[in-house]
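Inside the fold
Spelled out, the chains give:
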Amino acid sequence: MQLANHHAHSNFSDGRLSPEDYLKNAIDQELLLYGFSDHAPIPHADFGAMKMEDLAAYLSEVDRLKEQYGDRIQIYKSLEVDYIPGMISLESRHIKEADLDYTIGAVHYVDFFPDGRPWGFEASVAQFERGINEVFQGDVKAALMRYYELIRIMVRDYRPDMVAHLDRIKKLNKGDRFFPERASWYREEVIRTMEVIAQAGVIMEVNTKSFYKKELEETYPGKWALEIAREMNIPVNIGSDAHHPDDITKGFDHASRVLQEVGYTTTKIFLDGIWQEVELVKPMIYTT
Ligand SMILES: [Zn+2]
Ligand SMILES: [Zn+2]
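Every residue gets a number counted from 1 within its own chain, in the order that chain's sequence is written. Working convention: letters from A go to chains and numbers from 1 go to ligands, in the order in which they are written. Where totals are concerned, whole chains, interfaces and linings use all residues; where local detail is concerned, this predicted model gives features only for residues with pLDDT of at least 70, and gives and counts side-chain atom pairs only at 80 or more. Side-chain metrics in this entry use all non-hydrogen atoms of the structure; hydrogen atoms and water are not considered.

**Considerations on helix H6 (residues 184-200)**
We count it as follows: Here a strand is any run of E in DSSP of at least two residues, a helix any run of H or I of at least four, and the numbering for each starts at the N terminus. To estimate how far a helix should reach, multiply one less than its number of residues by 1.5 Å. Here the term buried applies to any residue with accessible area under 20% of the maximum for its type, exposed to any over 50%, and partly exposed to those in between, with areas from a 1.4 Å probe on protein chains only. Note that the arc is computed from the directions linking the helix axis to the C-beta atoms. Any pair of residues with heavy atoms lying within 4.5 Å of one another is described as a contacting pair.
Its 17 residues give H6 an end-to-end C-alpha distance of 24 Å, which sits within 8% of 24 Å, the value for a rise of 1.5 Å per residue. Taken residue by residue, H6 has Tyr 186, Glu 189, Val 190, Thr 193, Met 194, Val 196, Ile 197 and Ala 200 as its buried positions. With its buried residues spanning 155 degrees around the axis, H6 presents them on a single face. Among the exposed residues of H6, those pointing more than 90 degrees away from its buried face are Ser 184 and Gln 199. Against the buried residues of H6 lie helix H5 (140-158), strand S7 (162-163), strand S8 (203-207) and helix H8 (223-231). Immediately beyond the C-terminal end of H6, within one or two residues, lies Gly 201, with a positive phi of roughly 70 degrees.

Okay, here's the thing in structure tokens:
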């Protein structure tokens, strides 16, 4: 298992309970490090992201926790930053000024409704269908291709340290409800995107939320993509995307197993403030 989590959400964005509650669980689980990464505020809109007026308090709360608990666990300050062209990116002023230890880039919105609001594809099945119909005139393939194009642009032009949940757009696609994940055009989009990630030297997250929340039966991304990622030598990091302190390492054993099956022996974690390859360790077995 990987003894670190870099991706979770507290009540500063859409998670439950305080950053300190997450940290206490991380200390109880004897993690080497814990990274805070609430949703960054999105200017001009309110999407369950952090409110702009709460950003300063969030950043200083993480600093306070570093002071108070820094001798027991390594603590890092980050944000999960959306890429919405013209609205927010890693180059946005409030992100640059946040002085983050590391950055996570994510795409949760694909283009805009006619009223100018970005299409958040994961809110509900109805919202997914609305976006396909109103933003992409019913063309699901065009929507998918645009989603992956946005990730490629984000990685190529803004270089986050890590790209979150590569194929999050499949969240509501259980049983291939909207598109065939095995289709060669779809897989080619994923592969093209991983080529850009490999080229940029960006870490790819293996996000376990889909697995432990039972959205799907696998991680974002799943095994077939990880097999190719391994061939491309893409560094990976296991992230829980927890929205409750109890979930900070949920699904990590599963993700470790899948990674080992496809040939990974290490993940990259922000240990001592540097991204380092660390061996995947077997889960500890306690005997009485
Ligand atoms: Zn996300
Ligand atoms: Zn997240």
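**Notes on the coordination of the zinc ion (ligand 1)**
In plain terms, the rule: Here a donor is any nitrogen, oxygen or sulfur atom (N, O, S) within 2.8 Å of the metal, with 3.2 Å used for Na, K and Ca; water is not among the atoms considered, so some sites may look incomplete.
Protein-derived coordination of the zinc ion (ligand 1) comes from Glu 80 (OE), His 108 (NE2) and His 165 (NE2), at a distance range of 2.1 Å. Separating the zinc ion (ligand 1) from the zinc ion (ligand 2) is a distance of 3.3 Å, and Glu 80 supplies a donor atom to each of them. Here Glu 80 is found in strand S3 (residues 74-82), whereas its partner His 108 is found in the loop between strand S4 (104-106) and strand S5 (109-112), with 28 residues between them in sequence. Overall, His 108 belongs to the buried group, its relative accessible area being 7%.

**Side note on the sheet that holds strand S9 (residues 236-239)**
Operational definition: Note on pairing: two strands pair once DSSP finds at least 2 bridges between them. Helix axes use the C-alpha atoms of the stretch in contact, all axes being lines fitted to C-alpha atoms, and the angles between their N-to-C directions lie in the range 0 to 180 degrees.
In space, the 7 strands of this open sheet follow the order S1-S2-S3-S4-S7-S8-S9, with parallel pairing throughout. A single partner strand is all that each edge strand has here, and the edge strands are strand S1 (4-5) and S9. For strand S2 (residues 33-39) and S3, the ladder comprises 7 bridges, and the chain directions are parallel. In the sheet register, Tyr 34 faces S3, and the bridge partner there is Ile 75. Contacts from helix H1 (residues 19-28) reach S2 and S3, with the element oriented near 150 degrees to S2.

**Some words on the coordination of the zinc ion (ligand 2)**
Short version of the rule: Here the metal geometry follows the donor angles, with tetrahedral for four donors whose angles all fall between 85 and 135 degrees, square planar for four and octahedral for six when opposite donors are more than 155 degrees apart and every other angle is between 65 and 115, and irregular for all the rest.
The zinc ion (ligand 2) binds to the protein through His 7 (NE2), His 9 (NE2), Glu 80 (OE) and Asp 241 (OD); the donor distances cover 2.0 to 2.3 Å. One way to put it: the 4 donor atoms around the zinc ion (ligand 2) meet at angles of 83 to 173 degrees, and that makes the site irregular. Each donor residue of the zinc ion (ligand 2) belongs to the same chain, with the gaps between them written as H-x1-H-x70-E-x160-D. We classify Asp 241 as buried; its relative accessible area is 3%.

**Concerning the environment of Arg 182**
Residue placement: Arg 182 occurs in the loop between S7 and H6. Between the alpha carbons of Arg 182 and Trp 224 there is a distance of 9.8 Å; along the sequence they are 42 residues apart.

**Points about the packing of H5 against H6**
The description of two helices packed together rests on the angle between their axes and the distance between the axes. The cut-off we apply is this: Orientation is classified from the angle alone, with under 35 degrees giving roughly parallel, over 145 giving roughly antiparallel, 65 to 115 giving roughly perpendicular, and any other angle giving oblique. Basically, the charged four are Asp, Glu, Lys and Arg, the nonpolar ten are Ala, Val, Leu, Ile, Met, Phe, Trp, Tyr, Cys and Pro, and anything else, Gly included, counts as polar.
Packing of H5 against H6 leaves a shortest axis separation of 9 Å and a crossing angle of 5 degrees. Taken together, H5 and H6 sit at an angle that is classed as roughly parallel. Between H5, through Lys 141, Leu 144, Met 145, Tyr 148, Ile 151, Arg 152, Val 155 and Arg 156, and H6, the contact on the second element is made entirely by Trp 185, Tyr 186, Glu 189, Val 190, Arg 192, Thr 193, Val 196, Ile 197 and Ala 200. Per-class residue counts for the contact of H5 with H6 are 11 nonpolar, 1 polar and 5 charged.

**Regarding the nonpolar core**
Threshold: Take the buried residues of types Ala, Val, Leu, Ile, Met, Phe, Trp, Tyr and Cys, join any two whose side-chain atoms come within 4.5 Å, and each joined set is a nonpolar core.
Of all hydrophobic cores here, the largest spans 52 residues; its most connected members are Trp 119 and Met 204. Put simply, the parts of the chain that give this core at least two residues each are helix H4 (125-134), H5, H6, S8, H8, S9 and helix H9 (252-261). When residues of this core are assigned to their parent elements, the largest contribution, 10 residues, is made by H5. Grouped together as the second largest cluster of nonpolar side chains are 34 residues, Ala 8, Leu 23, Ile 27 and Tyr 34 included.

**Some details on unusual backbone geometry**
Outside of glycine, negative phi angles account for most residues, and trans bonds account for most peptide bonds. Residue Tyr 220 is joined to Pro 221 through a cis peptide bond whose omega torsion reads -10 degrees. Examined against the element boundaries, Pro 221 turns out to sit in the loop between helix H7 (209-212) and H8. A positive phi angle, close to 55 degrees, is found at Asp 111, a residue other than glycine. Tracing the backbone shows Asp 111 in strand S5. Non-glycine residue Asp 176 carries a positive phi angle of around 55 degrees. Positionally, Asp 176 belongs in the loop between S7 and H6.

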